[in-house]
Structures are given as structure tokens and as C-alpha cells.
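Chains, contacts and geometry: an overview
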Amino acid sequence: MTASPWAGKAGALRPGTAAAATAGVTPFAVGLLLAAALQYAVGPAVGPFFSDLLIKIGINVILAVSLNVVNGYTGQFSIGHAGFMAVGGYAAGALTYYTSMLAWGGPQVQGGVFGVGSALFVGACLVGGLVAAAAGWAVGLPSLRLRGDYLAIVTLGFGEIVRVLLQQTQDVPFTADEARALSPVEMATHLGGSLGFSGIPFYTNLFWVWCFVTLTLLVAYRLKESTFGRAFLSIRENEIAAEAMGVDTTRYKVRAFVIAAFFAGVAGALFAHKIGTTLNPRELGFMKSFDIVIMVVLGGMGSISGATIAAVLLTVLPEALRGAADYRMIVYALMLVLVMIVRPQGLFGIREIWELPPFARRRGR
Amino acid sequence: MTALLEVQGISLSFGGLKAVSDFSIALRAGDLQGLIGPNGAGKTTVFNLLTGVYRADRGSIRLGGLDLGGAKPSRIAAAGLARTFQNIRLFGDLSVLDNVRVACHLRAATSMAGAILRTSAHRGEEAALRAYATELLEIFGLGDRTGEQARNLPYGDQRRLEIARALATSPKVLLLDEPAAGMNPQEKAALSALIRFVRDRFGVAILLIEHDMGLVMKVCEGITVLDHGVTIARGTPEQVQNDPVVIEAYLGAPAQEGGGVPAERRS
Amino acid sequence: MTDLLQTLLNGLAVGSLYALIALGYTMVYGILQFINFAHGDVFMIGAWSAYAVAAALGFTLAGGDPPGWAAVAVLLSSMGICAVLGFFIERFAYRPLRSAPRLNVLITAIGVSLLLQNTGQLRPVFGTQPQSMPALLPDTTLFQVAGVRVGLVDVTVVLLAVAMMVGLQWLVFRTRFGSAMRAVSHDHRIAALMGIRVDTVISFTFVVGSALAAAAGFLFAMKYSGLKQPADATWVLLGLKAFVAAVVGGIGNLQGAMLGGLLIGMVEMLGAAYLSPHLRDLYVFVLLIGVLLFRPTGIMGSTSVEKV
């Protein structure tokens, strides 16, 4: 017996045209073109300083939008995002560094934007993401049963554990011969310790960063607009009701956590291969996590465009206010407190910018 | 016809307090039964036991032959037991439509990868879910408010949205926890018609907690009365109404303080 | 044997400090059900204002032995400063959010925490340079047990911490104000109906908790003398470990906070001495995750059921 009088209707509306079939991938292609335009037209035109800024913006957008999946959609509160970033960054950095050492005798960049080295790099980014996702699963599975504020502490503790462990690793070998003498397990324990992991080849460029930005934004947005996103949001709105409507809340929380950790890992990988980075555990401590939290909170918890805009602003602002660096965090902190008092849902709440009055088309009620 | 929902001897204690003792009930498909009792009698606790929010110390709960003992709420919902909440628990920031669509989640089949790639199967399913949810809302007279945030609905609409949302999980049994609370007489009359309509149209069995005796007596075919967690009476509305034990439970024994008045209580 | 005793002594001293800070976390949680993330920073401000007051009074590292009243004066001023600070934090950051979702209050608390750290390291406040606290207490040896030197500083730390905990117990369980506090922690609205001035009670809770944190800050400065700059991660970590102590003991429970503090101190010191000194932060967080997994309400905490 079926309870629904409309059971037969599911699938009745089936857009089957060729145009509809490609609609799913078109935005990816558009993103790819934009990334190429940034790499080949915008980058050379604006010079290295602004290219670097655009890369930083891209990485922060990935971090903020991914954390938004946990803190915004699902309403859980993770403040250990930089820990996942560190996990991904070190995993990817170690992979490219040691592979380069073994295969090419040194950590120099091999080939151009689409060369063999880039293939290794993109692979390493994905591996970094997967390792971070695995860490997210391991942390999330037990702790997501806990209430929100406890989760915050566990994630913070996780970030600190990662930092402490990374600081205990040994120096990175400088020559190919030293690298060859290490077994794979030993390589994982030679990550530079508290002095940092230097020598990771600089593969990160505008093209790859913005390709991953596209991927992050599309995944975040499409999940939000799907049954998965609604399940995430229902947990945030009312966990007991969500569970009563058949949403397996623990499972969905873990899913959100794993997705967020994956993209944090990718962002870490991009950061690790950025020009001028010496990967250092201290830089990826809870201050970095707080930076990301601030972006999500200010932008609006649940709003992808809000988190993106906040990530852009909060990356550009410190560069613009270099003279007042001492006051930067004071201003952030005051903003955080004021936003919570005046507009607790953040700039956009869970809405996207195009759903807000000046942009929204009047919808018939 | 065998029972759809079969509850046998469930009990629950909080510390030393027996909240529910030895509660049994059987609902067949299409049944419309009431669960009444004075404040603190354990009615909502029974709902919480049935839906897995609490776990019974003893007893068994079977739905369509499936043992639900110890299952978590989401699995119980998937098995076909849906509920509304006494203190409304809508997804306040979400739209009215999305509130219902969340509950459609159980009937969605596409994978996360499908959602990310927006495959045609996924889009077809989303369109069907939207159509289904919209139609359901129209039945409940909420068709013109689908885009509104649930928290902005008037109280009576919120109650009806809760019922619509519960129905969207395609339940076999629907538990309604004080659906008339806070409604005016016109709304109550409409509600009792709606409850019957829901039962007929969707073929669900309904178990109803309600303080408004007029509504319960009018709508329900069978009534179970709880007091202090104990089942003190069971029968047709007329039998229960004239049962001296029930009257005493509501009005209190002469020596005791008055408990409450059976009709027109608002929470 | 000597090593073990020395380790236990260190654990006791550090544990008492954690316990003192943990009390503030647990009091606020008991009354407002939220994690006052900024409490660890109040502890930092306590330690730094102890230094600043000592410096203002003319006591420096090179200045010879300070008089006996110096330690008392510095302790009391630092407690006073933080009590005022705690009052203002509650009044202007948390009170406007009294009925807001818990997550918002937590975010605000993080904001306050960042504010305290970064204000603290401004040049007109404490600056960005680490400093050494002058020894306000003479470094005399009181007695020796099995080769372990028990100094005045250690004994002061433990005794003062114990005295304050006993005082707090007395305040909460033996005074009228304490019963008001307990009433508010049970249910704000009902307490208000009973004629209890809820706002006053909450303010006072922050004042007391912050003063205790300041005392812990002072004692910390006495024992370790090296003060890292105000925004240094060390401070946040110390605050976090104290919070862990409160959670491990059972948040909301005063005895639990003390027990948790001692436990955390012991675990950290024993781990550092017998496993690896580099991983001391690790043990505490592993313990936290273990406790949360197997007994989420902590050792002495009670479970509460959400009303559906």
C-alpha cells in the first residue's frame, strides 16, 4: 500500500533535451574559462603582487565556503578548520616534494601550467583533500554526537593536536640522496618540525586556484539547493524535528564535516605550493581557524555568496591597512561582537545575495 | 485486519519517577484514535517513546511487523511513523516549501554526486519533489505561502504546516501532539474536518493527543486515557466520557486539589 | 622516587591553577549554559596586570627583595582589575544576547577573547614583548621530602588556590547570595519570579569568576615568571586546558572543576615526565576526547534531557 496519492507522479517531469543534459556541467566549463582568463590575461596585467593577492583570495574563499557547510548549513560549530588545512597542506606538500626528489632529483617545478609537474600537483591537492576528509571523518564521527559548543572545543583540540604532532617531525632532507635514504614512513615523519617545511615546489597559480574555487562554489551551492542541503539546514534549524522527519542527523553532520574537511585540505594544498610559503604549523593554528570563522560569521551563516564576499573583503582589508596591522584583529573582534548583537545572522543570513531585496525578482506569492 | 502499529507494555522511568508504565495500544490502518489525560499524564512521553526520542525500559513497539525497539528517530520515521510537536518545531528560517521538502528527503534517491553534477535524474527528482510538496501545501491551504519563512506564519498555519510536513514523510501512522492548541473555534472546526480528510485521503492511521475534549470526542473513534503514566480507561468517546475513573482523574478526588478542566484548555 | 614526587608536586601546583580557572568556566556555564571562551584571556590579563602593577609599584627583577605586602597588594589589584573587566564583558558583550541562540553567544565570546588578546598586546597596554615577573615571594625552601625541595612559591600556589576554592564553596552553598546563584542556575525565569535580581547575580558570577582567574594569573606569574606576550598561543592553550578541566570534571559542577583541574595537571605533568615532554598539550586533548566519548557529561556532571 502506498500512502501517497501522487506516488506515480515522481519522474513525470523529466527534462530530456540535450541542452538540459549539458546544463549540469556548463558552469564547470565557465569556471574553467574564467580561471584561464585570470591566469593568462588578468595575472600578467596586474603583476605579481595582485596575482598573489588573487591567489590568497581564492584560497580564503575555498576555506570560508567549505567551513560554511558545517557552521552555516548544518549549524554545528567547528573552530578547527585550519587543522584540516594543515593536514591537507602537509600531505600534498610531502607528496610533491618527495616525488619530485625521487623522480627529478630536486624540488624544482616541472613543466608549465599543464605540464607533468602540474599533474602531480593537482593529484597532490586531491590527495591532500582526501587525507583531510579522512581526518574529518575520524574527528567527526565520535564528536558530532556532542552538542554544538562541545564540538567547538573538540575541533579546537584537534587543530592543536595536529599542530603539536607536526612540530615534532624531523627536518626535511635537502638533497635527493638524503630523500632516497628515507622509507615512505620516515618521509611522513620528516616534515620540517617547528621550523617549517620549506622547499615545496611553487606550483600554485591563478588557474588552478580558481579552478578549485569554482569546484568549491558549485559543490557548495548545488548541495545547498538539493535534498542534501535541505537536510543539512534542517539540522541547524531544529535537530529533533529533522531527526523526526527521517533525516539521520549524525550521518548528515559527519557528511558535512567530511566535505568541509576535504576542501580545507585542498586549500591547504594550494597554500603549501604557493610562492613564498614555508609551511609552518604555527601559521595554521587556531588563529587561522578564527580568521575563517570570522569570514563565515560576518558573511552570514549559510550564505555562500556572503561567505565569499566576506572572504574577499577580509583578505583585501589587511593588505590595504598594513600600517594599522596592530589594530586589525581588534577591529575584527569588535566587528564579531557587534554583528552578533546587531545582526546575529550575519550580513546575508542563509540567503544568497541575489535573493535579497535589491536583486531579487519579485516572486508571486 | 491485523494491527499496523502494535505497542505492548512499554514503560519508562526518569530516575525514580514512572513517567509511563505498561502502555499498550494497537492501531489498524485508517484508525483515528485519541490519547487524553490531565497535564503531566505522560501523553507526550508516549509519543517520544514511539518515535524513538526516548528509549523504553521495557515493552515492544512494532510497525507493520517491524520491530522498532531501540531504533533512532530517523529510522522510525523511515519505517512510516511521523509526528507533529506540541511545542511547534518547524524549521523557522526555511521557507514553507522547504519545510515540506525536507520531509520528502526519504523519497529522494539520487546520490550526492548526482546533486553536484545536476544529472537529469537529479533534476527530474527535484522537480517531482517540488511538485509533490506544492500540491501537499495546497491541500492544506498553504499554497499561496510557499515562499514565506515558516517562522512568519500565523500560529494556526504553523500547526497545519507541521501536519503537512509530517505527511510528506509518507507515513503509515501519524501522531498529532495537540494540533488544536492555540487555535480559535473556527480554526478548530476546520482542523477536525482536516484530520478526518487526512485520514481518508492518505489512508494513514492517526493517534491524536488533544486537550480540547469537544474536538477529541467529535473526531476520534477510540480513546485511551492516561493518568500518571497509567492507562486508566479505554473505549469509545461515550464510554470514556461517562467513566467515573476518568472524571475523577480530571477533576480530582474531593480531597485533592482540582487538576484541570477537561474542555478548552490552552497551553 | 624523587622524580615521581617532584612530578606530582608540579602536577599539584599546575592542577590548582587549572582548577582556579576552571571554576570560572564552570560557574558561567552553570548559570548561563554557555562557554565563556574569553575566560582564558581574563586569566592572561590577570597575570599581565600583576606584572604591570608590580612594575608600577617599582618592583623589578633587579630591584632586590620586595617587602612582604608587595605580593598581597599585587594579587589584590590584579583581582580587582579583572573583576571590573569581567563585569564589563558581561554587561556589554553577553547581556544583550541573553536570549540569543547559544552559538551566537559562543561567537561573541570568541570575539571578546580576540579583543582582549589584541588589546593586551597594544603598546600602551602590555606591549608585544615577553616580560619576566619579579619574584615577589622569597625563593625559600620550606622543607624537603625524599630529596624533593618544597618551596614557598609552590606551597603558596596550592594553599591560596585551595583557600579560594573553599571560599567559593562557602559562598555558593552557605550564603544567601549563593542560594540566589543556585536558583538562577536552575531557572532564570522562576528565580526572577521569586524576586531574585537575576542580572545582579549574573554580574556577580562574572566578577567572582574573573577575580579567581586573576588570582590564577598572579600565581602563574609567581611560579613561572616568564610571561609570553598577551596574544601568544600559550595563553590560549592554558585557558583551553582549564576549560578541558571543567569539562572533564563535569561542567557546571564546582567540585568537578577542582577535580578536573587536578587531574589535568597530573596527566600533563606525568605525561611530560614519563612519555615525552614535547607532547604535553596532546595528553590533555586526548583525555578530553576520551572523556567526551565515554562520559560526555564529565566525571561529576549530571545528564539533562532536552524537553521535546
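Keep in mind it's a predicted model, so treat the numbers as computed, not measured.

What counts and what doesn't
Residues numbered from 1 in each chain as written. Chains lettered and ligands numbered in written order. Predicted model: local features only at pLDDT ≥ 70, side-chain atom pairs only at ≥ 80, totals over all residues. Heavy atoms only, no water. Helix = DSSP H or I, 4+ residues; strand = E, 2+ residues; numbered from the N terminus. Rg over C-alpha atoms; globule rule 2.2 N^0.38 Å. Buried < 20%, exposed > 50% of the residue type's maximum accessible area, 1.4 Å probe, protein only. Contact = heavy atoms within 4.5 Å. Areas by Shrake-Rupley, 256 points an atom, 1.4 Å probe, with all protein chains shown as cover. Buried area = accessible area lost by both parts, 1.4 Å probe. Salt bridge = Lys/Arg side-chain N within 4 Å of Asp/Glu carboxyl O. Polar contact = N/O pair within 3.5 Å; in protein donor to acceptor, adjacent residues only side chain to side chain. Pairing = 2+ DSSP bridges. Phe/Tyr/Trp six-rings, centres within 6.5 Å; stacked < 30°, edge-to-face > 60°. Domains from an automatic or database assignment. Core = buried A, V, L, I, M, F, W, Y, C linked by side-chain atoms within 4.5 Å.

Here we come to the overall build of chain B. Each helix and strand in chain B was counted, giving ten helices and ten strands. Whereas a compact globule of 267 residues would reach a radius of gyration of roughly 18 Å, chain B reaches 19 Å, a difference of no more than 12%. Projecting the C-alpha coordinates of chain B onto the three principal axes gives extents of approximately 70 × 40 × 35 Å. Sorting the 267 residues of chain B into buried and exposed places 57% on the buried side.

This part takes up the overall build of chain A. A tally of regular secondary structure across chain A gives 14 helices and zero strands. Of the regular secondary structure in chain A, the N- to C-terminal order runs α-α-α-α-α-α-α-α-α-α-α-α-α-α. Here chain A has a C-alpha radius of gyration of 22 Å; the compact-globule value for 365 residues is 21 Å, and the two agree. Along the first, second and third principal axes, the C-alpha atoms of chain A reach 70 × 50 × 50 Å. For chain A, the residues scored as buried account for 61% of the 365 residues in total. When contacts within chain A are restricted to residue pairs at least 6 apart in sequence, long-range pairs at least 24 apart make up 81% of them. Carbon and sulfur atoms make up 67% of the accessible area of chain A, which amounts to about 14,200 Å² in all.

This next bit is on the interface of chain A and chain B. Counting residues at the interface gives 46 residues for chain A, matched by 51 residues for chain B. Both sides together, the interface formed by chain A and chain B hides about 4,100 Å², and carbon and sulfur atoms give 64% of it. Linking chain A to chain B there are three salt bridges. With a shortest N-O distance of 3.2 Å, Asp93 of chain B and Arg236 of chain A are connected by a salt bridge.

For interface size, the figure often reported is the accessible area lost on association. Taken together, the contacts link 43 residues of chain C with 38 residues of chain A. Across the chain C/chain A interface, buried area totals approximately 3,700 Å², and carbon plus sulfur atoms make up 81% of it. For the chain C face of the interface with chain A, the top three residues by lost area are Leu103, Ile107 and Leu114 of chain C, together amounting to 15%. If you look at where chain C meets chain A, you find one salt bridge. Between Arg163 of chain A and Asp281 of chain C there is a salt bridge; the shortest N-O distance is 3.9 Å. At the junction of chain C with chain A, the criterion picks out zero residue pairs in polar contact (both at pLDDT 80 or more). Elements represented by at least two residues in the side of chain C that touches chain A include exactly helix 3 (69-94), helix 4 (102-120), helix 9 (233-249) and helix 11 (280-294) of chain C. It is helix 4 of chain C that contributes the most residues to the side of chain C that touches chain A, 14 residues altogether.

Residue and element names in this part refer to chain C. Strand direction decides the pairing type here: strand 2 (residues 141-145) and strand 3 (residues 148-151), joined by four bridges, are antiparallel. Along strand 3, the bridge assignment pairs Val145 with Val148. The loop that links strand 2 with its antiparallel partner strand 3 comprises two residues; one of these, Ala146, has a positive phi angle of about 50°.

Residue and element names in this part refer to chain C. If you walk through the whole model with that rule in mind, you get 31 aromatic pairs over all chains. For the pair Phe43 and Trp235, a centre-to-centre distance of 5.7 Å together with 65° between the ring planes defines the contact as edge-to-face. Here Trp235 lies in helix 9 and Phe43 lies in helix 2 (residues 39-56), a separation of 192 residues in the sequence. Residue classification places Phe43 among the buried positions, given a relative accessible area of 1%. On the basis of relative accessibility, which here comes to 2%, the residue Trp235 falls in the buried class.

Residue and element names in this part refer to chain B. Domain boundaries in chain B define domain 1 (30-56 + 65-80 + 174-267) and domain 2 (93-170). Between domain 1 and domain 2, the C-alpha centre-to-centre distance is 27 Å. On the side of domain 2, eleven residues touch domain 1, which itself brings 18 residues to the contact. Around 1,200 Å² of area is buried between domain 1 and domain 2 when both sides are counted, 79% of it from carbon and sulfur atoms.

The subject of this paragraph is the nonpolar core. Core analysis: the biggest nonpolar cluster contains 285 residues, and Leu174 of chain B together with Phe37 and Tyr94 of chain C have the highest contact counts within it. For this core, the domains that each give at least three residues are domain 1 (30-56 + 65-80 + 174-267) and domain 2 (93-170) of chain B. Dropping the residues within four chain positions of it, Phe37 of chain C is found in contact with Ile79, Ile153, Leu156 and Phe290 of chain A together with Tyr25, Leu106, Ala109, Ile110 and Ser113 of chain C. Counting residues in each nonpolar core, the second largest holds 29 residues, with Leu4, Leu12, Leu49 and Ile76 of chain B among its members.

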